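A structural walkthrough
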Amino acid sequence: MRPQRIWYTEDSGKGVSTLFQNIQHFSHTQKPVNEDACGFGRSFLFVLDGATGLGKREFMHASSDAHWLSGSIRDRLLRELPQGCDPIIVLKEELHRLRSQYLQAARTMPSAAETPSACIALFYERGDWLYYFGMGDCYGVVELKNGQVEVISDPILEELDQQALIRMKEISRIQQIPFFEARRQIQELLMHNRMCRNQPGGYHALDLEWDRLEEIEIHQWKKSDVRRVLCASDGFYEIMNYGIVDDPKELMDQLSLHGQEVVQWLFSAQDADAQAERCPRFKHRDDCTYVYAETEEQKCSG
C-alpha cells in the first residue's frame, strides 16, 4: 500500500525531528549551465544528475534540456518535501507535468536516447525510519553507528559506462589519438546504452516516459541507527578512483574535517590526469555535486 501523499510538515512540529545536522553541500560545473542539482532540509537531502539527450536539439533550454529537467525536479522537491509529501508521488506528478511541457515544445517525443533524463539520490525520513530512493549512477552512502557503511548505486549503468570507456581506450590506443577525442567515435554505443534506460535488464533514471517509480527498491534504516549520510553525483564520487581516500567511510571523515576542500583534492587529481590514464572518464571534469549530513544524535554524542 502506497503511503499517503502528506504525512507531516517540517513546520508543524508533529511527527518530524531535525534529523540532519551539520549539512554541507557543493555543486560545480565548467559548462555554461550545471546539469546537476541538489537540495536539503531538516528531514531530507538529495542530489540530481541530469543527462543531456544525444539528439541534435534542445527544446526547453537554450543550453541544456538536462539542466531544465534536473532544475525543475529540484524546485518541486524543495517546495513539497518540507510539507511532508511522499517523494515518489511528487516525482511522478512532476514528471507528468514536465512531459506535457516538453511535448508542447517538441510536438512529438523523440527516442529515449534523444531526450533528457536525471539520476537521483534521495534520503528522507518518516516516523522512526530513514529511507533512500535512488536511480542511476548517483550514490547514496550511509554510515551506521555500529560502523557499517552501505553504498547504493546502479551497477547496470556503471557496467554500461565501463564498456564504453574500454572501447574509448581501445580506439585511443589503436589510432594513437587523445583518449577524450575517442568519444566522438562511440556515439552509436552511447545511443545503444541510453536506449537501455528503463527497459528490462537496463538501468533506471527519471525521464519523461517511464513513471513506474514504485517499482524502484526503497532502502530503509532505523533513524536511531544512522550516524551520517552522503548523496553524490558520479562527478563527485569519482574521487574514489584516485587513491585520495581508501573507502567511503574515509571520504565522509574527510568531508567532516575539511568540507569543500575535499573537492579541490579531486580537481587537482583530475588536472594531474589530463589524459585520463589513471582514471578513464568521458570528460576531464564532470559536473560535481554532493550533500553530506550528520544526524542530530551524532551531533549530540560528539
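Owing to the predicted nature of the structure, the values given are computational and were not obtained by experimental measurement.

A few words on the environment of Gly243. Structurally, the position occupied by Gly243 is in the loop between helix 5 (234-237) and helix 6 (248-258). Put simply, Gly243 and Ala269 are 26 residues apart on the chain and 9.4 Å apart in space, counted from C-alpha to C-alpha.

Glancing now at the confidence of the model for the protein. Detailed reading of the predicted model is not advised wherever pLDDT is low. Of all residues in the protein, 91% have pLDDT values of 70 or greater, and the mean over the chain is 90. Note on residues 1-16: pLDDT is under 50 here. Beyond four places in sequence and across chains, it has 47 contacts.

So, on to the sheet that holds strand 4 (residues 117-126). Strand order across the open sheet formed by five strands is 2-3-4-5-8, with antiparallel pairing between neighbours. With one partner strand each, in any of the chains shown, strand 2 (36-40) and strand 8 (218-222) form the two edges of the open sheet. On average, adjacent strands in this sheet sit at an angle of 10 degrees to one another, irrespective of strand direction. Pairing between strand 3 (residues 44-51) and strand 4: eight bridges, direction antiparallel. Bridge assignment links Asp49 to a residue of strand 4, and that residue is Cys119. Sheet contacts for helix 1 (residues 65-80): strand 2, strand 3 and strand 4; angle to strand 3, the most-contacted strand, approximately 165 degrees.

Quick look at the pairing of strand 6 (residues 139-144) now. Looking along a regular strand, one sees side chains alternate from face to face of the sheet. Along strand 6, six of the six residues are buried, which leaves the element largely enclosed by surrounding structure. Here strand 6 shows two buried faces, one formed by Tyr139, Val141 and Glu143 and the other by Gly140, Val142 and Leu144. Here six bridges tie strand 6 to strand 9 (residues 226-232), and the two strands are oriented antiparallel to one another. Within strand 9, the residue paired with Val142 across the bridge is Val229. Linkage of strand 6 to strand 7 (residues 149-152), two consecutive antiparallel strands, is achieved through a turn of four residues, within which Gly147 is found at a positive phi near 95 degrees.

Here the focus is the pairing of strand 9. Of all seven residues in strand 9, six are buried, a share of seventy percent or more. Direction of pairing for strand 9 relative to strand 10 (residues 288-295): antiparallel, over a ladder of five bridges. Paired with Ala232 across the strands is Tyr290, a residue of strand 10.

The tally for this structure, following the rule as stated, stands at 19 salt bridges. For Glu214, the salt bridge goes to Lys92, with nearest N and O atoms at 3.3 Å. Placement of Glu214 in the loop between helix 4 (187-195) and strand 8 and of Lys92 in helix 2 (residues 87-106) is noted, with a sequence separation of 122 residues between them. Glu214 sits in the partly exposed class, given a relative accessible area of 41%. Between Glu125 and Lys223 there is a salt bridge, with the nearest N and O atoms lying 2.5 Å from each other. Of the two residues, Glu125 is situated in strand 4 and Lys223 in the loop between strand 8 and strand 9; the sequence distance between them amounts to 98 residues.

When two helices pack together, their arrangement is given by the angle between the helix axes and by the axis-to-axis distance. Helix 2 packs onto helix 1 with a crossing angle of 140 degrees between their chain directions and a minimal axis gap of 10 Å. The angle between the axes of helix 1 and helix 2 places the two elements in the oblique class. Considering only the axes of helix 1 and helix 2, their crossing is right-handed. From helix 1, Asp65, Trp68, Leu69, Ser72, Ile73, Arg76, Leu77 and Glu80 reach across to helix 2, where they touch Val90, Leu91, Glu93, Glu94, Leu95, Arg97, Leu98, Gln101 and Tyr102. Residue composition of the contact of helix 1 with helix 2, by class: nine nonpolar, two polar and six charged.

Our next topic: helix 7 (residues 261-272). In this model, helix 7 (12 residues) spans 17 Å end to end at C-alpha, consistent with the 16 Å of a helix rising 1.5 Å per residue. Elements in contact with the buried residues of helix 7: strand 1 (20-28), helix 5, helix 6 and strand 10.

Along the chain, the position of Glu143 falls in strand 6. Of the residues examined, Glu143 reaches a relative accessible area of 2% and is grouped as buried. Apart from the residues within four sequence positions on either side, Glu143 is in contact with Gln148, Val149, Val226, Arg227, Arg228, Lys249 and Met252.

Our focus in this paragraph is the packing of helix 3 (residues 155-175) against helix 4. For the pair helix 3 and helix 4, the least separation of the axes is 10 Å and the interaxial angle reads 175 degrees. In terms of orientation, helix 3 and helix 4 fall into the roughly antiparallel class. Residue-level inspection shows Leu160, Gln163, Ala164 and Arg167 of helix 3 in contact with helix 4, the latter providing Leu189, Leu190 and Asn193. Per-class residue counts for the contact of helix 3 with helix 4 are four nonpolar, two polar and one charged.

Right, let's get into helix 1. For helix 1, built from 16 residues, the straight-helix expectation of 22 Å at 1.5 Å per residue is met to within 8% by its first-to-last C-alpha distance of 23 Å. Residues of helix 1 that are buried make contact with strand 2, strand 3, helix 2 and strand 4. Measuring from the side-chain oxygen of the N-cap residue of helix 1 to the backbone nitrogen of Ala66 gives 3.2 Å; that N-cap residue is Ser64.

Cut-offs and rules
- Residues numbered from 1 in each chain as written.
- Predicted model: local features only at pLDDT ≥ 70, side-chain atom pairs only at ≥ 80, totals over all residues.
- Heavy atoms only, no water.
- Helix = DSSP H or I, 4+ residues; strand = E, 2+ residues; numbered from the N terminus.
- pLDDT = per-residue confidence, 0-100.
- Contact = heavy atoms within 4.5 Å.
- Pairing = 2+ DSSP bridges.
- Axes fitted to C-alpha atoms, helices over the stretch in contact; angles between N-to-C directions.
- Buried < 20%, exposed > 50% of the residue type's maximum accessible area, 1.4 Å probe, protein only.
- Salt bridge = Lys/Arg side-chain N within 4 Å of Asp/Glu carboxyl O.
- Parallel < 35°, antiparallel > 145°, perpendicular 65-115°, else oblique.
- Left-handed = near helix turned anticlockwise from the far one by under 90°.
- Nonpolar A, V, L, I, M, F, W, Y, C, P; charged D, E, K, R; others polar.
- Expected span 1.5 Å × (residues − 1).
- Polar contact = N/O pair within 3.5 Å; in protein donor to acceptor, adjacent residues only side chain to side chain.

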